[in-house]
Amino acid sequence: MRFHDFQIVLQEVPGEVSLCWSITGCSIQCEGCHSPFLWKKGSGTELTPYLYLEVLEKYKELASCVLFMGGEWHEKELVVRLREAKEFGLKTCLYTGEDSVSEDISKQLDLLKTGKWDAAKGGLESEGTNQILRDVRTGENLNYLFREHKKKENDTINR
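Residues numbered from 1 in each chain as written. Predicted model: local features only at pLDDT ≥ 70, side-chain atom pairs only at ≥ 80, totals over all residues. Heavy atoms only, no water.

## Here we look at the side chain of S22
Link 1 in the chain: With respect to the helices and strands, S22 occurs in strand β2 (residues 18-23).
Link 2 in the chain: At a separation of 3.1 Å, a polar atom in the side chain of S22 contacts the side chain of D5.
Link 3 in the chain: Discounting chain neighbours no more than four positions away, the residues touching S22 are R2, F3, H4, D5, L38 and M69. (Helix = DSSP H or I, 4+ residues; strand = E, 2+ residues; numbered from the N terminus. Polar contact = N/O pair within 3.5 Å; in protein donor to acceptor, adjacent residues only side chain to side chain. Contact = heavy atoms within 4.5 Å.)

Here is the structure:
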């Protein structure tokens, strides 16, 4: 499994400080994708167990979640990485353009964003989006958290 970049993100998983890995080799290739550089197989840096665990150790007191942008096409490796994050006491999240993931992956997730990017329907903050961020345990659709954040942002700007 290879990644293009690693970032600490605050908005992709509401209420969480997430360690975000953008995994390369995506075959979904959504029209209008903001990250087409992730499509190329074999590009990026290998996400070795040593590197991954080193990052988890470094940020264990600061982060609350590990987020993979893709990677479901590396099922066995992804399951291991998600399990390791849980062992560090971190929540786990996967963003995929697919409509579902395997049961093995799902068992290791707290949160799952599904659905291809469709510019006409917008992202998670849009009422008409086809994308859903779901709490895997309860099945709850968490998109409302993005709409609430957007509303607060707009209220602040309009003051």
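## Section: the packing of aromatic side chains
Link 1 in the chain: Taken as a whole and judged by the stated rule, the model has 5 aromatic pairs.
Link 2 in the chain: When the centroid spacing of 5.8 Å and the interplanar angle of 50° are considered together, the rings of W21 and Y52 count as tilted. Note that W21 is positioned in strand β2 and Y52 in helix α1 (residues 49-59), a separation of 31 residues in sequence. For the pair formed by W21 and Y52, the shared burial category is buried.
Link 3 in the chain: Connected via pairs of aromatic rings, a cluster forms that spans F3, F6, W21, Y52, Y59 and F68. (Phe/Tyr/Trp six-rings, centres within 6.5 Å; stacked < 30°, edge-to-face > 60°. Buried < 20%, exposed > 50% of the residue type's maximum accessible area, 1.4 Å probe, protein only.)

## Observations concerning the side chain of Q131
Link 1 in the chain: Of note, Q131 is situated in the loop between β6 (111-114) and β7 (132-135).
Link 2 in the chain: Residue classification places Q131 among the buried positions, given a relative accessible area of 7%.
Link 3 in the chain: Looking at Q131, its side chain comes within polar contact range of the main-chain oxygen of G115, at 3.1 Å.

All quantities given are derived from atomic positions and should not be read as evidence of function.
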